[in-house]
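Chain and residue survey
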Amino acid sequence: MTQFTPGFLIGAATAAHQVEGNNIHNDCWAQEQMEHSSYVEPSLDACDHYHKYAEDIRLMAGAGLNAYRFSIEWARIEPEEGCFDAAELEHYRDVIRCCQAHGLEPIVTLHHFSSPVWLIAKGGWEAETTPADFARYVRYVMENLGGELQYVCTINEANMGVQVAAIAERYKKQMMKMAAQAQAGGQSPDGSVQMGMNLQAIMELQKLSGQEGARAFGLEDPQAVHVFQSACTAAGDEILCRAHVAARQAIREVCPQVKVGLSLSLHDFQPLPGAETVAEAEWDKEFRHYLPYIQEDDYLGVQNYTRSLLGPDGLLPVPDGSEVTQAGYEYYPEGLEHVVRKVAADYSGDIYITENGIATADDTRRVAFIEQALAGVQRCVADGLPVKGYFHWSLMDNFEWQKGYAMQFGLIAVDRAHGQTRTPKPSLAYLGSYAARN
């Protein structure tokens, strides 16, 4: 293990809704409460990071980390359209200053998946009004907190909607194929799946969930519910990009000293022979078509967890015999280096790895993952690529959105049943050992 040079940021990342608890004014909370929710359980108090942030920051600093990436919850700051909560703003000022007091560089993300309920009621991330709404919130935060920050990420995984749309399209084609095969054989579609699946019941549940979701946001049409994690249209993708540009402009007008960027979820696309054009098309959708909107940014946040094998017909399953994480990903830390190199071929700004990690109950595999991933990052740095920091996902075992608390991504274990007790795992100190000491 070789330490990075001074100035290289080594940290961990969280998202407000996944760790704070009781973010009652956002869309995720509203969806969690539904009878037919796609969330397996509600977030409730989450990890109570809202109250225990100082303890968590001390643990990071004590392990040697020198940076912390966290998000500000838009729905806390602006619970009703145009009405800002000054007390909640001061809470985040306290978090920022606590980081600084313990030698951690705060990297603030202004939107990490969850949005105010009122925004979704207006049409969410497909509404023409959203760029201006987001910029207004960003300006308010920066006018009040920007003087204490050096780095801001506007939007986490700005390409999430495009990825969800691709998954939804694959799912739709798969369901249609299964139904056609079953009909041709005179069977019920359920019999074409090698598990106890009631496809009709699944479709009915989706219908009920959609209707309930529309009511939760005061909308009549379930198709009008556009949360950030929804499959987006081409128009919605452009609206999100314009929201980023508007936010960047506001940040530079208010705080020109702050370095601004966004993050993208990027796969290491690996084509089998004959699938090279498929891989290029996927990379265009996932990365290259965002270049016109991010070339003026100061940095790009790169987020990678695994690779994607591609054949002429598209995505292939994880190879037989491969190690698979709790999230269903192939264990493949080498993917990070591959993605960084591919990004650097087209993007000229600084690169920060804003997320990279593994869901596992075996912390020795997390340590091995970090070792292999950071070896790749160090090779990139040695080759002159402008990689400036690495943030592991996640600081603690937390609320993994629709999957609830089942997966363990954290460097710190959290016993939610017994006072939210924190227990650092060996991986926390191992990650901290890479940070240069001043």
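Residues numbered from 1 in each chain as written. Predicted model: local features only at pLDDT ≥ 70, side-chain atom pairs only at ≥ 80, totals over all residues. Heavy atoms only, no water.

**Here we look at the overall build of the protein chain**
Summing up its helical and strand segments, the protein chain has 15 helices and 13 strands in all. For 438 residues, the compact-globule estimate of 2.2 N^0.38 gives 22 Å, and the protein chain sits close to it at 21 Å. Seen along its three principal axes, the alpha-carbon backbone of the protein chain occupies a region of about 70 × 50 × 50 Å. Split into buried and exposed, the 438 residues of the protein chain put 55% on the buried side. Across the protein chain, the fraction of contacts at a sequence separation of at least 24, relative to all contacts at a separation of at least 6, is 79%. When the accessible area of the protein chain is evaluated, it comes to approximately 18,200 Å², of which 53% is carbon and sulfur surface. Distance between charge centroids for the protein chain: 3 Å, based on 33 positive and 58 negative side chains. (Helix = DSSP H or I, 4+ residues; strand = E, 2+ residues; numbered from the N terminus. Rg over C-alpha atoms; globule rule 2.2 N^0.38 Å. Buried < 20%, exposed > 50% of the residue type's maximum accessible area, 1.4 Å probe, protein only. Contact = heavy atoms within 4.5 Å. Areas by Shrake-Rupley, 256 points an atom, 1.4 Å probe, with all protein chains shown as cover. Lys, Arg positive; Asp, Glu negative; His and termini not counted. Charge placed at Lys NZ, Arg CZ, Asp CG, Glu CD.)

**Observations regarding the confidence of the model for the protein chain**
The share of residues in the protein chain with pLDDT of 70 or more is 92%, and the mean pLDDT across the chain is 93. This model gives residues 187-199 a pLDDT under 50, and the stretch forms 14 contacts once residues within four places in sequence are excluded. (pLDDT = per-residue confidence, 0-100.)

**Quick word on the environment of Y332**
Relative to the helices and strands, Y332 is located in the loop between strand 9 (314-315) and helix 13 (335-344). Distance from Y332 to R307, taken between C-alpha atoms, is 6.5 Å for residues 25 residues apart in sequence. Sequence-distant contacts of Y332, defined by excluding residues within four places in its chain, comprise D268, Q270, Y305, T306, R307, H338 and F369.

**Some remarks on the packing of helix 5 (residues 86-101) against helix 7 (residues 130-145)**
The packing of two helices is summarised by the inter-axis angle and the distance between the axes. Where helix 5 contacts helix 7, the axes come no closer than 11 Å and their chain directions differ by 55°. Comparing the axis directions of helix 5 and helix 7 gives the class oblique. The two elements helix 5 and helix 7 cross, and the hand of that crossing is right-handed. Touching A86, L89, Y92, R93 and I96 of helix 5 are Y140, V141, N144 and L145, all from helix 7. (Axes fitted to C-alpha atoms, helices over the stretch in contact; angles between N-to-C directions. Parallel < 35°, antiparallel > 145°, perpendicular 65-115°, else oblique. Left-handed = near helix turned anticlockwise from the far one by under 90°.)

**Focus on the pattern of salt bridges**
One pass over the full model with this rule turns up 29 salt bridges. Where E337 meets R341, a salt bridge forms, and the shortest distance between an N and an O atom there is 3.1 Å. Highlighted residues: E337 and R341, both in helix 13, separated by four residues, approximately one helical turn. Look at E337 and you get buried, because its relative accessible area is 12%. We classify R341 as partly exposed; its relative accessible area is 29%. A single salt-bridge network, built from bridges that share partners, covers E78, E81, K122, D133 and R136. (Salt bridge = Lys/Arg side-chain N within 4 Å of Asp/Glu carboxyl O.)

**Looking at empty space enclosed by the protein**
Any empty space left between the atoms is revealed when a probe the size of a water molecule rolls over them. Per the counting criterion, the structure on display carries three cavities of 30 Å³ or more. The computed volume of the largest cavity comes to approximately 90 Å³. Every residue lining the largest cavity is counted, 16 residues in all, and those nearest its centre are W125, G161, F228, S230 and C232. For the lining of the largest cavity, the secondary-structure elements that each account for two or more residues are helix 8 (160-184) and helix 10 (234-254). At three residues, the largest contribution of residues to the lining of the largest cavity is made by helix 10. Considering only residue class, the lining of the largest cavity consists of nine nonpolar, five polar and two charged. (1 Å grid on protein atoms, 1.4 Å probe; cavity = no way out; pocket = protein on both sides within 12 Å on 5 of 7 lines; lining within 4 Å. Points joined across faces, edges and corners; volume = space filled by probe spheres on them. Nonpolar A, V, L, I, M, F, W, Y, C, P; charged D, E, K, R; others polar.)

**Some details on the environment of A345**
For A345, the position within the fold is in the loop between helix 13 and strand 10 (350-355). For A345, a relative accessible area of 63% puts it in the exposed group. A C-alpha to C-alpha distance of 28 Å links A345 and A436, two positions 91 residues apart in sequence.

**Side note on the nonpolar core**
Generally speaking, nonpolar side chains in soluble globular proteins are found buried as a group. L110, F287, V343 and Y390 are the most contacted members of the largest nonpolar core, which has 113 residues in total. When near neighbours in sequence (up to four residues on either side) are disregarded, F287 contacts L264, L266, I294, L300, V343, D346 and Y347. Counting seven residues, the second-largest nonpolar core is a separate cluster that includes A214, L219, V225 and V227. (Core = buried A, V, L, I, M, F, W, Y, C linked by side-chain atoms within 4.5 Å.)

**Observations concerning the packing of helix 13 against helix 14 (residues 363-382)**
Put simply, helix 13 and helix 14 touch, their axes get as near as 7 Å, and they point 25° apart. Looking at the two axes, helix 13 sits roughly parallel to helix 14. Between helix 13 and helix 14 the crossing geometry is right-handed. The residues of helix 14 that touch helix 13, namely those facing L336, E337, V340 and R341, are A373, G376, V377, R379 and C380. Looking at side-chain class alone, the contact of helix 13 with helix 14 contains five nonpolar, one polar and three charged residues.

**Here's the deal with the sheet that holds strand 10**
Within a sheet, each strand pairs with its neighbour through backbone hydrogen bonds, oriented either parallel or antiparallel. If you trace the eight strands once around the closed barrel, you get 1-2-3-4-5-7-10-11, paired in parallel fashion. Direction aside, the axes of adjacent strands within the sheet are offset by 25° on average. Most of the contacts of helix 13 go to strand 10, to which it runs at about 145°, and overall it touches strand 7 (299-303), strand 10 and strand 11 (387-393). (Pairing = 2+ DSSP bridges.)

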